[in-house]
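# Examination of the molecular architecture
One-letter residues, chain by chain:
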There are 2 protein chains.
Amino acid sequence: MLSPTGDTPRTPTRVLVIDDEPQIVRALVINLKARHYAVDAAHDGATALQLAAARHPDVIVLDLGLPDMDGVEVIKGLRGWTRVPILVLSARHSSDEKVEALDAGADDYVTKPFGMDELLARLRAAVRRAEPVPGGEDEVVVETADFTVDLAAKKVGRNGKDVRLTPTEWHLLEVLVRNTGRLVGQKQLLQEVWGPSYGTETNYLRVYMAQLRRKLEADPAHPRHFITEPGMGYRFER
Amino acid sequence: MLSPTGDTPRTPTRVLVIDDEPQIVRALVINLKARHYAVDAAHDGATALQLAAARHPDVIVLDLGLPDMDGVEVIKGLRGWTRVPILVLSARHSSDEKVEALDAGADDYVTKPFGMDELLARLRAAVRRAEPVPGGEDEVVVETADFTVDLAAKKVGRNGKDVRLTPTEWHLLEVLVRNTGRLVGQKQLLQEVWGPSYGTETNYLRVYMAQLRRKLEADPAHPRHFITEPGMGYRFER
DNA sequence: TCCGACCGTCAGGGTTCCGTCAAGGACGGG
DNA sequence: CCCGTCCTTGACGGAACCCTGACGGTCGGA
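Here the structure is a predicted model, which is why all the values come from computation and not from measurement.

In the vicinity of DNA strand D lie 16 residues, with Thr166, Thr168 and Tyr204 of chain A together with Thr168 and Tyr204 of chain B positioned nearest. Counted by atom, the contact set of DNA strand D within 4 Å of the protein is 88% sugar and phosphate. Tyrosine 208 of chain B is positioned with one of its side-chain polar atoms (N or O) 3.2 Å from a sugar or linking oxygen of DNA strand D. When residues of the surface near DNA strand D are traced back to their parent elements, those giving at least two are helix H6 (167–178) and helix H8 (202–216) of chain A together with helix H6 (167–178) and helix H8 (202–216) of chain B.

Have a look at this one:
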């Protein structure tokens, strides 16, 4: 079928594991890394939200029983700004708990103790769903007169050579390119790239927009593709 | 893969239930209809595939134990042409079965006997995931003989070229266009653009209406689209 | 005809916003 | 432990934008 585990992935799928029980985390991390996932782990809700914003995982495994905050609150906190798949783990078998978590925005609910094979299969299903349509309407490669952006491979080319971008530069570029032609407000840009707690630090945008332009624009002083709309935000045009 | 045929925004979610046990089907149909889903039912795999193609459901509930064909084959048959969410029902608790079904393309796996509340919650989750992004490609474009306004992209075009608007100009235009054909009072205009504490500063309106007309009207001295209603307010006509 | 109310136009000044540069700190690899 | 990369932060000049006041024009009523 479609890349279950074994094949060589372009970029490894990033998983964020949130659980306060060390042995569960260890088991998950070992199994995930063996299958070439990139794994981050957090043992409380606050760290989890922070890590999610910082690392932008492709899927999240969340234990509802956290020491610092209610698991449902973590779900809501994430859903406020991202649609990343969330797979909930819980010792509670109660139907109400499941309904609450799912309606808060979770994608799946697995009760402990769980079979590792099943969990991994559900994880694959969640990731697969979130993938862009392979041959479909979504354009994966965007070309301009000056450079090329491959959203799937996370690569940028210019004059036949690869351009090296830092993680933050790439995130910023990705958000802009995914909204080609549309104006993206500075607040939205900040929240999507730096996390939901940002919104006024427009100097970040100024610095990183300058770096993108320096690396990609033919004439960085007179940008043709990364256009500033004063007081509102930025717009990518190809 | 939503709304394959042209339909109106508020259509009920269409569910296709595939199960050979009449009592299960009945229970599902009753519960779903009570929640305003539109339900189709099939008792075997062949009928199911046919119905899925004919009715384009928004979500499918599939029992793996069918009389005529293996449930996994049904999943593969569906996945050959659609990404519609598939929620699998099964009496088998075996981990292998789950993994096989999920890797074949199922979105979720519920073992019988199941709680109706949980099933409905998982169904909601599956449907929600498939929804297009909320702020997405609405393509709200208003055209006049002289210019074009794209509300979603915050873009204004004239003679094929983009017109640059300042934040205040854009905001004013937005309010007027959202009330196309209707008179918008000066007080309302001031409050929506400048904030609730404004209401008498009509000179602001005069200045910014003039700028909009200069940028968008073919003959700013004799406006055709931004019409003044003396003593009352302004009106946008396309 | 005079007058007042209302609107359109223009230009200057204060303020906000943006691009640029550089320095300092956090982090990870050698 | 050092070094390179990346992110953050502050400062500053210049550009863009918003507010403001003044003037002239039109229209209707006294």
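With that settled, the discussion passes to the side chain of glutamate 97 of chain B. Among the structural elements, glutamate 97 of chain B can be located in helix H4 (residues 95–104). At 2.4 Å, the side chain of glutamate 97 of chain B and the side chain of arginine 92 of chain B are in polar contact.

All names here are of chain B. If you look at the biggest cluster of nonpolar residues, it comprises 27 residues, and the most contacted ones within it are Leu173, Leu176 and Phe226. Among the secondary structure elements, those contributing two or more residues to this core are H6, helix H7 (186–194), H8 and strand S12 (233–236). Ranked by residue count, the leading element in this core is H6, at six residues. Apart from residues no more than four positions distant in its own chain, leucine 176 is found in contact with Val184, Leu189, Met209, Phe226, Tyr234 and Phe236.

This brings us to the sheet that holds strand S4 (residues 86–90) of chain B. All names here are of chain B. Strand order in the open sheet made by the five strands is S2-S1-S3-S4-S5, with parallel pairing throughout. The open sheet has two edge strands, strand S2 (38–42) and strand S5 (108–111), and neither has a second partner. Each neighbouring strand pair of the sheet contributes to a mean axis angle of 20°, computed without reference to strand direction. Direction of pairing for strand S1 (residues 14–18) relative to S2: parallel, over a ladder of five bridges. Bridge pairing links arginine 14 to alanine 38 in S2.

Let us look at the pattern of salt bridges. Residue and element names in this part refer to chain A. Here the structure, examined in full by the defined rule, presents 37 salt bridges over all chains. Between aspartate 63 and lysine 112 there is a salt bridge whose closest N-O contact spans 2.5 Å. In this pair, aspartate 63 is assigned in strand S3 (residues 59–63) and lysine 112 in the loop between strand S5 (108–111) and helix H5 (116–130), connecting sequence segments 49 residues apart. The pair aspartate 63 / lysine 112 is uniform in exposure class, with both members buried. Here glutamate 169 ties to lysine 215 by a salt bridge, and the two come within 2.8 Å at their closest N and O atoms. Placement of glutamate 169 in helix H6 and of lysine 215 in helix H8 is noted, with a sequence separation of 46 residues between them.

Criteria and thresholds
Residues numbered from 1 in each chain as written. Chains lettered and ligands numbered in written order. Predicted model: local features only at pLDDT ≥ 70, side-chain atom pairs only at ≥ 80, totals over all residues. Heavy atoms only, no water. Near = heavy atom within 4 Å. Polar contact = N/O pair within 3.5 Å; in protein donor to acceptor, adjacent residues only side chain to side chain. Helix = DSSP H or I, 4+ residues; strand = E, 2+ residues; numbered from the N terminus. Core = buried A, V, L, I, M, F, W, Y, C linked by side-chain atoms within 4.5 Å. Buried < 20%, exposed > 50% of the residue type's maximum accessible area, 1.4 Å probe, protein only. Contact = heavy atoms within 4.5 Å. Pairing = 2+ DSSP bridges. Axes fitted to C-alpha atoms, helices over the stretch in contact; angles between N-to-C directions. Salt bridge = Lys/Arg side-chain N within 4 Å of Asp/Glu carboxyl O.

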